[in-house]
Every structure is written in C-alpha cells, then in structure tokens.
Amino acid sequence: MRGAQALPEVLRVLRSAPANRRDRVREAALRTLAAFGPAAREAVPELRELLAEESAAVSAAAARALWAAEEDAAEVLPALERWLRPGLPDADRCAAARVLGEIGPAAASAAPALRPALASRDPWVRVRAPRRCGG
C-alpha cells in the first residue's frame, strides 16, 4: 500500500491514540508519516500542531515527519532547538538531536544549541553526551 492510500488510517491512529499509551502510539504513527515523505502532505497541519507538544519524543517525531513531507528547516528547527536546552532530561535532548542529525546539513544553524553538552567543564558530560544520543 502506498503512503497516500494508507494516510487516512495512519491519521486515524494518530488522532485516536488511547490515553494510557498516547505518546507511544503517536510516535509510531508519526514515524509512519515520516516514511511516507511528501505523500503525507495532507497531514501537515496536524504535524505543525504536534511540534508544540509537551512530549519531546512526540514533538521531535512530528518535526521528523514534517521535514520528510516539506523539507522546511525554518519550520522544524525551532521546535527541535527548544528540547536542547541544558538541564532538560537526556532523553528529550537526544530525541531532538537525532532528528537534527537526520535532517543533516540543513540543520547546521542548530549547531550552537548542541554545543553546551560537548563543551561542558564536566568531562563526564562531554563523554556521555554523544553516547546517550546514540553517537
């Protein structure tokens, strides 16, 4: 089945995720939409809304899907950079950093937000930062 054919069902899953597993179900649906690439353009308004989600994993997955659909770095980078602030949980920062890595050179302007962990005075922070993000 092609992305455009499956899109209505994936959107149904995204919208009706059960409360007790909401974030995980939405992340899975968003990964699917990202795989659809430009065929997921119909979902763009919903993806834009999810960029502001309070879950870093969902927000980052929405950014990944939006990037795959439209390749508009100006729209997704601010949503990802908000999760890179020092003091946030590693999982939140890593979710955003992974998507920035997938975006590649178009995300170069986000590099300053990635630097604090790598430039920390604490050597253990510098050592753990790339590892915790899968690097």
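Everything here concerns the structure above.
Residues numbered from 1 in each chain as written. Predicted model: local features only at pLDDT ≥ 70, side-chain atom pairs only at ≥ 80, totals over all residues. Heavy atoms only, no water.

## Observations concerning the pattern of salt bridges
Note the following rule: We define a salt bridge as a contact between a side-chain nitrogen of Lys or Arg and a carboxyl oxygen of Asp or Glu at a distance within 4 Å. Secondary structure follows DSSP: runs of H or I at least 4 residues long count as helices, runs of E at least 2 residues long count as strands, and numbering of each begins at the N terminus. The cut-offs for exposure are 20% and 50% of the maximum accessible area for each residue type, with area from a 1.4 Å probe on protein chains only; residues under the lower value are buried, those over the upper are exposed, and the others partly exposed.
In the structure shown here, the tally under the stated rule is 7 salt bridges. Between Arg12 and Glu9 there is a salt bridge, with its nearest N and O atoms 2.5 Å apart. Separated by 3 residues within a single helix, Arg12 and Glu9 lie in helix H1 (residues 3-15), roughly one turn from each other. For Arg64, the salt bridge goes to Glu102, with nearest N and O atoms at 2.6 Å. Of the two residues, Arg64 sits in helix H4 (residues 56-70) while Glu102 sits in helix H6 (residues 90-103), which places them 38 residues apart along the sequence. By relative accessible area, which is 48% here, Glu102 ends up partly exposed. Taken together, the shared-partner salt bridges in this structure form one network comprising Asp23, Arg26 and Glu53.

## Considering the environment of Ala39
For Ala39, the position within the fold is in the loop between helix H2 (22-36) and helix H3 (44-50). Judged by relative accessible area, which is 32%, Ala39 ranks as partly exposed. Distance in space between the C-alpha atoms of Ala39 and Ala6 is 9.8 Å, their sequence separation being 33 residues.

## A look at the environment of Pro116
Looking at where Pro116 falls in the secondary structure, it is placed in helix H7 (residues 111-118). Of the residues examined, Pro116 reaches a relative accessible area of 37% and is grouped as partly exposed.

## Concerning the nonpolar core
For the record, the criterion: Residues enter a nonpolar core if they are buried and are Ala, Val, Leu, Ile, Met, Phe, Trp, Tyr or Cys, with the set joined through side-chain atoms within 4.5 Å. Contact between two residues is taken to exist if any of their heavy atoms lie within 4.5 Å; hydrogens are not considered.
Ranked by size, the top nonpolar core spans 42 residues in total, and within it Leu30, Leu33, Leu80 and Ile103 carry the most contacts. Looking at this core, the elements that each hand over two or more residues are H1, H2, H3, H4, helix H5 (73-81) and H6. With 10 residues, H4 is the largest single contributor of residues to this core. Ignoring any residue separated from it by four or fewer positions in sequence, one finds Leu33 in contact with Leu7, Val10, Leu11, Leu14, Ala40, Ala43, Leu47 and Ala65.

## Structural notes on the packing of H2 against H4
So the rule is basically this: Angles here are taken between N-to-C directions and fall from 0 to 180 degrees, while the axes themselves are lines fitted to C-alpha atoms, restricted in helices to the stretch in contact. Roughly parallel means an angle under 35 degrees; roughly antiparallel means over 145; roughly perpendicular covers 65 to 115; every other angle is labelled oblique. Helix crossings get a hand from a simple test, with the near helix turned counterclockwise from the far one by less than a right angle marking a left-handed crossing and a clockwise turn marking a right-handed one. Under this grouping Gly is polar, as are all residues other than the nonpolar Ala, Val, Leu, Ile, Met, Phe, Trp, Tyr, Cys and Pro and the charged Asp, Glu, Lys and Arg.
Two elements in contact, H2 and H4, have axes separated by 8 Å at closest approach and are oriented at 15°. Comparing the axis directions of H2 and H4 gives the class roughly parallel. Crossing angle aside, the handedness with which H2 passes H4 is left-handed. Each of Asp23, Arg26, Glu27, Leu30, Arg31, Leu33 and Ala34 in H2 lies in contact with H4, whose residues at this interface are Ala57, Val58, Ala61, Ala62, Arg64, Ala65 and Ala68. Along the lines of polarity and charge, the residues of the contact of H2 with H4 split into 9 nonpolar, no polar and 5 charged.

On their own, these measurements won't tell you what the molecule is for.
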